[in-house]
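# Coordinate inspection notes
Each chain is listed here by its residues.
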Amino acid sequence: TRSIIKYAYKRSPLYRRLYQNVDINKVKITDLPTINKEYILKHLSDSLTRRGISKDEIILFAHDSDSVGKYFKNKYVLSTTSGTTGIIGYFLMSEWQWIIQKGVEFARLLKHRLSFPYIYKYTVKNKLRWAMIVASEGHYITYLLARLTPKQAFYLSDIRIFSITTPMNKMIDELNKFSPHYVHSYPTFLEALAYEKLAGRLTIEVDFMSSGSEPFSEHAREVIKKAFKDVEIVETYGTTEAICLAN
């Protein structure tokens, strides 16, 4: 924590102003000045630890539909919040930071499956098929996790993105053809898939499911377990700026 405070103070004009009357060598994190999304948006350029990036450039890129799933300035991952509070948050990561975040995310998500038998089963014997059913019309973090993936990962797995806005009959048809081992989506949609499975329209056999962005009700869990008998379900909790905080 201390190193993060010092890094922000040294490299970000915004945090240098905020902490100008703070002894960063002794201060407790709970005693630091508090800020919110609106404040960061107002001082977006100065909040960054890299210079030469303007607020206007960030917003222009974020609202360009053709830029979704691409690197900002060919070296940064730019993600946004959904804006349900009325204020959109914009967050930048370097490519190296992105690789580390992704590594932490999947190490936590698959921590019980990082064993030789599982890895052998889904790399040597079979190519692991991942279905990511998420909002894909913007710079949303879960979509970017699937889209901005090192090329090497595709030698070991087949990661496909399905838009959450796809009509259900078309979604079911595409999932049946893909036959994923692993499905990630929102709890309410995983529950909807379970009903499609129970009705006989969805024929896939899923080994592993993960969810995020919404609370996971006990009823949804029961329905999913009934439809997919041997599936392991993992909940994830994260933020746009920190991705995976817990699971």
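## Some remarks on a positive patch on the surface
On the surface, Lys10, Arg11, Arg50 and Lys75 cluster together into a positively charged patch. Inspection of the secondary structure assignment puts Lys10 in helix H1 (residues 2-11).

## Topic: the pattern of salt bridges
Enumeration over the complete set of coordinates arrives at 6 salt bridges. Across the pair Asp46 and Arg17 runs a salt bridge, and its minimum N-O distance is 3.2 Å. Residue Asp46 is found in helix H4 (residues 44-47), and its partner Arg17 is found in helix H2 (residues 13-18); the two are separated by 29 residues along the sequence. Under the relative-accessibility criterion, Arg17 is labelled partly exposed at 39%. Across the salt bridge formed by Lys197 and Glu205, the nearest N and O atoms sit 2.7 Å from each other. On the basis of relative accessible area, Glu205 is assigned to the exposed category, the value being 57%.

## Here's the deal with helix H10 (residues 168-178)
The complete set of buried residues in H10 reads Met171, Ile172, Leu175 and Phe178. Buried residues of H10, viewed axially, fall in a sector of 135°; they line one side. Facing away from the buried side of H10, by more than 90 degrees, are the exposed residues Asn169 and Lys177. Buried-residue contacts for H10 involve strand E3 (128-134), strand E4 (157-163) and helix H11 (187-198). In the segment just after H10, Ser179 is the residue with positive phi, at about 50°.

## Focus on the layout of surface pockets
The volume enclosed by the largest pocket comes to roughly 1200 Å³. Ile4, Tyr15, Ser47, Thr49 and Leu92 are the residues nearest the centre of the largest pocket, which is lined by 29 residues in total. Put simply, the parts of the chain that give the lining of the largest pocket at least two residues each are H1, H2, H4, strand E2 (90-94) and helix H6 (95-109). Within the lining of the largest pocket, the residues separate by chemical class into 20 nonpolar, 7 polar and 2 charged.

## Things to note about the packing of aromatic side chains
Evaluation of the coordinates by the stated rule reveals 6 aromatic pairs. Ring plane angle 40° and centroid distance 6.4 Å describe the contact between Phe72 and Tyr76, whose orientation is recorded as tilted. Since its relative accessible area comes to 4%, Phe72 is described here as buried. An aromatic cluster of at least three residues, connected via ring pairs, comprises Phe61, Phe72 and Tyr76.

## Comments concerning empty space enclosed by the protein
The gaps of empty space that remain are located by a probe, the size of a water molecule, rolled over the atoms. Applying the stated rule across the entire model yields 1 cavity of 30 Å³ or more. Its boundaries defined by the atoms lining it, the largest cavity holds a volume of some 50 Å³. Lys37, Ile40, Leu41, Leu44, Ile88, Gly89, Tyr90 and Phe91 together form the lining of the largest cavity. Of all elements in the fold, only helix H3 (37-42) and E2 reach the threshold of two or more residues within the lining of the largest cavity. Among the elements that take part in the lining of the largest cavity, H3 stands out by supplying 3 residues, more than any other. Its residues assigned to classes, the lining of the largest cavity shows 6 nonpolar, 1 polar and 1 charged.

## Brief notes about unusual backbone geometry
One non-glycine residue, Asn74, lies in positive phi territory at about 65°. Residue position: Asn74 is located in the loop between helix H5 (55-62) and strand E1 (76-80). By relative accessible area, which is 69% here, Asn74 ends up exposed. Phi is positive for Ser179, which is not a glycine, with a value near 50°. Topologically, Ser179 is positioned in the loop between H10 and strand E5 (182-185).

Rules used throughout
- Chains are numbered independently. Their residues run from 1 in the order of the written sequence.
- Only residues with pLDDT of 70 or above have their local features reported here, since the model is predicted, and side-chain atom pairs are shown and tallied only from 80 upward, although totals for entire chains, interfaces and linings are computed over all residues.
- Only hydrogens and water are set aside; all other atoms, that is, all heavy atoms of the structure, feed into the side-chain values.
- Only residues whose relative accessible area exceeds 30% and that take part in no salt bridge are eligible for patches, with like-charged residues grouped when within 9 Å of each other and nonpolar side chains (Val, Leu, Ile, Met, Phe, Trp, Tyr) grouped when within 5 Å.
- Computed by Shrake-Rupley with a 1.4 Å probe, the accessible areas treat only the displayed protein chains as cover when residues are assessed.
- The salt bridge definition used is simple: a Lys or Arg side-chain nitrogen within 4 Å of an Asp or Glu carboxyl oxygen.
- Neither His nor the chain ends contribute to the count of charged residues, in which Lys and Arg are positive and Asp and Glu negative.
- Where a charge lies is defined by one atom per residue type: Lys uses NZ, Arg uses CZ, Asp uses CG and Glu uses CD.
- Here a helix means four or more residues in a row that DSSP labels H or I, a strand means two or more in a row labelled E, and each is numbered from the N terminus.
- Relative accessibility under 20% of the residue-type maximum defines a buried residue, over 50% an exposed one, and the middle range a partly exposed one, all with a 1.4 Å probe and only protein chains included.
- It is the directions from the helix axis to the C-beta atoms that the arc portrays.
- Contacts were defined at the residue level, with two residues in contact if any of their heavy atoms lie within 4.5 Å.
- Space inside and on the surface of the protein is sampled on a 1 Å grid over the protein atoms alone, with a cavity defined as a set of points where a 1.4 Å probe fits but cannot get out and a pocket as an open set with protein on both sides within 12 Å along at least 5 of 7 lines; lining residues have an atom within 4 Å of a point.
- Grid points are joined across faces, edges and corners, and a volume is the space filled by probe spheres set on the points.
- In this classification, the charged set is Asp, Glu, Lys and Arg, the nonpolar set is Ala, Val, Leu, Ile, Met, Phe, Trp, Tyr, Cys and Pro, and all remaining amino acids, among them Gly, are polar.
- Each pair of aromatic rings taken from Phe, Tyr and Trp, with Trp reduced to its six-membered ring, is defined by centres within 6.5 Å and is described as stacked if the planes are under 30 degrees apart, edge-to-face if over 60, and tilted in the remaining cases.

Nothing here speaks to function; it is all geometry.
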